[in-house]
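What the coordinates show
The lines below spell out each chain.
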Amino acid sequence: MGPDQKTKNNKMDQVMLSVVRAVEAGATTIKDVIDATRLSRLKIERALNALEKQKLLVRDGHGFRATGLPKAARPARQCGSCNACCDILEVSAVDKPVNQLCAHWQAGTGCTIYERRPQMCRSFACAWLQGHLDDDWFPARSGIVVHFSEAAVNVTVDDACPDRWREEPYFSKLAEWSLNGIRRIGNRGYATLVVSGADRFLLLGRTIVPDPTPSGTAFLPLTADTFRFWRATSAEHLQRLHERIAEIERIRQEFGSCAIPDNADDDPTPPYRPALLRLSHHA
């Protein structure tokens, strides 16, 4: 094999690894993979075909699903001296609260119940360990533990540096993940959630929503990466907010612009159009 062919194969291996990482992180369509990797559609299609042939990825009615990379292809990362997940994360199975070192951790020994540790600990692997993040995100250094769930990117921050997630290079990456989650269609979308001490945040691009409510957050784009938001107090409130946002969009299409109500937590009641037209001076 000549040097040119070896270079092509190495590049293909890197593309395939990037595609698998994206799928493992929740990408289920080609558009999702493009958003996550910024690779061309052609490169992604070639990588997907190669991965399918190698039985490393399957496509079905639910989209793509990674079946696992061979060990040699995975990043050679180990926790080493890092015990951030045993310190920062909550583990209810052993009554460990967030940002408190697990009672079963012992300096020089590590986990003293390793052979009988709970399932959450057995299955947990942070995003850095999985190879999704560069070494700036090494939890022992950054004070940030990132892990993925089906519906969210979960970010937990060490009490010793509660605002680290707002700094660079961290905030821009979190904003990027948030936008990717917002742009996905239907049930494939995901939230980007930050826990820092007693504080909870939802990211909408570069817009930070403090104390998001269990009932949900309605939002409307202002720029490519910022949003106006309203925190819902009930399912009915959320529905009314969504109805008003839909009316704002219709007025924007009809008149070219529509004023957006200022109150971040107001409770609109129908009909929405007359009030929005007056506020926009279109009446």
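Here the residue index of a chain counts from 1 through its sequence in written order. pLDDT decides what is reported in this predicted model: residues at 70 or higher carry local features, side-chain atom pairs at 80 or more are listed and counted, and totals for whole chains, interfaces and linings draw on all residues regardless. To obtain the side-chain values, all non-hydrogen atoms of the structure were used and water was disregarded.

Below, the discussion takes up the overall build of the protein chain. Runs of H or I in DSSP of at least four residues are treated as helices and runs of E of at least two as strands, each being numbered from the N terminus. Secondary structure assignment for the protein chain yields 10 helices and 11 strands. Taking the intrachain contacts of the protein chain between residues at least 6 apart in sequence as the baseline, contacts between residues at least 24 apart amount to 46%. By definition, residues are in contact when any of their heavy atoms lie within 4.5 Å.

To continue, consider the packing of aromatic side chains. Ring geometry is summarised as follows: Phe, Tyr and Trp rings, the Trp one being its six-membered ring, pair when their centres sit within 6.5 Å, and such pairs are stacked at plane angles under 30 degrees, edge-to-face over 60 and tilted between the two. Following the criterion strictly, the structure yields seven aromatic pairs and no others. Centre to centre, the rings of W137 and Y170 are 4.9 Å apart; their planes meet at 90°, and the pair counts as edge-to-face. Placement of the pair is W137 in the loop between α6 (127–130) and α7 (139–142) and Y170 in helix α8 (residues 170–183), with a sequence separation of 33 residues. Neither residue differs from the other here; W137 and Y170 are each classed as buried. Put simply, the rings of W137, F148, Y170 and W177 pair up and form one aromatic cluster. R166 extends its terminal NZ or CZ atom over the ring of F201, reaching a point 5.2 Å from the ring centre. Throughout, exposure labels follow a simple rule: accessible area from a 1.4 Å probe, protein chains only, divided by the maximum for the residue type, with under 20% read as buried, over 50% as exposed, and the rest as partly exposed. Two limits define a charge over a ring: the Lys NZ or Arg CZ must be within 6 Å of the ring centre, and within 35 degrees of the ring normal.

The subject of this paragraph is helix α2 (residues 30–37). Because each turn of an α-helix spans 3.6 residues, side chains separated by three or four positions end up pointing in the same direction. Every buried residue of α2 is listed here: I30, D32, V33, D35 and T37. Backbone geometry just after α2 places R38 at a positive phi near 65°.

Moving on to the layout of surface pockets. Leftover empty space is mapped by rolling, across the atoms, a probe with the size of a water molecule. Here the largest pocket defines a volume of roughly 730 Å³. Within this scheme a cavity is a closed region of a 1 Å grid, computed over the protein atoms alone, that accommodates a 1.4 Å probe without allowing it to escape, whereas a pocket is open but has protein on both sides within 12 Å along at least five of seven lines; lining residues each have an atom within 4 Å of a point. What lines the largest pocket is a set of 32 residues, among which C79, C85, C86, C121 and F124 lie closest to the centre. Ranked by the residues each element gives to the lining of the largest pocket, the list is headed by helix α5 (residues 119–123), at four residues. Grid points are joined across faces, edges and corners, and a volume is the space filled by probe spheres set on the points.

This paragraph deals with the environment of C111. Inspection of the secondary structure puts C111 in strand β4 (residues 110–111). C-alpha of C111 to C-alpha of C86: the two residues are 25 residues apart in sequence and 8.6 Å apart in space. Excluding anything up to four places from it in sequence, C111 contacts H104 and W105.

Strand order across the open sheet formed by five strands is β5-β6-β7-β8-β9, with mixed pairing between neighbours. Looking along the sheet, the strands with just one partner apiece sit at the ends: β5 (144–149) and β9 (207–210). Adjacent strand axes in the sheet meet at a mean angle of 25° when their direction is disregarded. Any two strands between which DSSP finds at least two bridges are classified as paired. The pairing of β5 with strand β6 (residues 152–157) spans six bridges and is classified as antiparallel. Counterpart to S149 in the pairing with β6 is A152. Helix axes are fitted to C-alpha atoms over the stretch in contact, other axes to C-alpha atoms as well, and angles between N-to-C directions run from 0 to 180 degrees.

With that settled, consider the confidence of the model for the protein chain. Per-residue confidence from the prediction method is given by pLDDT, with values spanning 0 to 100. Chain-level pLDDT for the protein chain is 85 on average; 89% of the residues reach the 70-or-more range. Scored below 50 in pLDDT, residues 69–75 makes 11 contacts in the model with residues more than four places away or belonging to other chains.

Bringing the environment of E249 into the picture now. Here E249 lies in helix α9 (residues 235–255). In this structure, E249 is in contact with L220 and P221, ignoring residues within four places of it in sequence.

Time to look at the nonpolar core. With 25 residues, the main nonpolar core has W137, V146, V155 and W165 as its most contacted residues. Those elements that place two or more of their residues in this core are α6, β5, β6, α8 and β8 (199–204). A per-element tally of this core places α8 first, with four residues. Definition of nonpolar core: a set of buried residues of the types Ala, Val, Leu, Ile, Met, Phe, Trp, Tyr and Cys, connected through side-chain atoms within 4.5 Å. V15, V20, A27 and L56 belong to the second-largest nonpolar core, a separate cluster that totals 17 residues.

Moving on, we get to the side chain of S178. Considering the arrangement of structural elements, one finds S178 in helix α8. Not counting residues within four places of it along the chain, the set of residues in contact with S178 comprises T192, L203, L204 and G205.

This part is about the packing of α2 against helix α3 (residues 41–53). Running from amino to carboxyl end, α2 crosses α3 at an angle of 115°, the nearest separation of the two axes being 10 Å. Overall, the two elements α2 and α3 adopt an arrangement that is roughly perpendicular. Considering how the two elements wind past one another, α2 and α3 form a crossing that is right-handed. Mapping the contact onto sequence places I30, V33, I34 and T37 in α2 and R41, I44, E45 and L48 in α3. Gly is placed with the polar residues, together with every amino acid not listed as nonpolar (Ala, Val, Leu, Ile, Met, Phe, Trp, Tyr, Cys and Pro) or charged (Asp, Glu, Lys and Arg). For the contact of α2 with α3, the class distribution of residues is five nonpolar, one polar and two charged. The cut-offs work like this: below 35 degrees is roughly parallel, past 145 is roughly antiparallel, 65 to 115 is roughly perpendicular, and the gaps in between are oblique. Crossings are assigned a handedness: left-handed for a near helix turned anticlockwise from the far helix by less than a right angle, right-handed for a clockwise turn.

Below, the discussion takes up the pattern of salt bridges. Here, a salt bridge means any side-chain nitrogen of Lys or Arg that lies within 4 Å of a carboxyl oxygen of Asp or Glu. Throughout the structure, instances matching the rule amount to 10 salt bridges. In this structure, the salt-bridge partner of K173 is E176, at a minimum N-O distance of 3.8 Å. You can see K173 and its partner E176 sitting in helix α8, three residues apart, about one turn around the helix. A relative accessible area of 23% means that K173 is categorised as partly exposed. Owing to a relative accessible area of 26%, E176 belongs among the partly exposed residues under this scheme.

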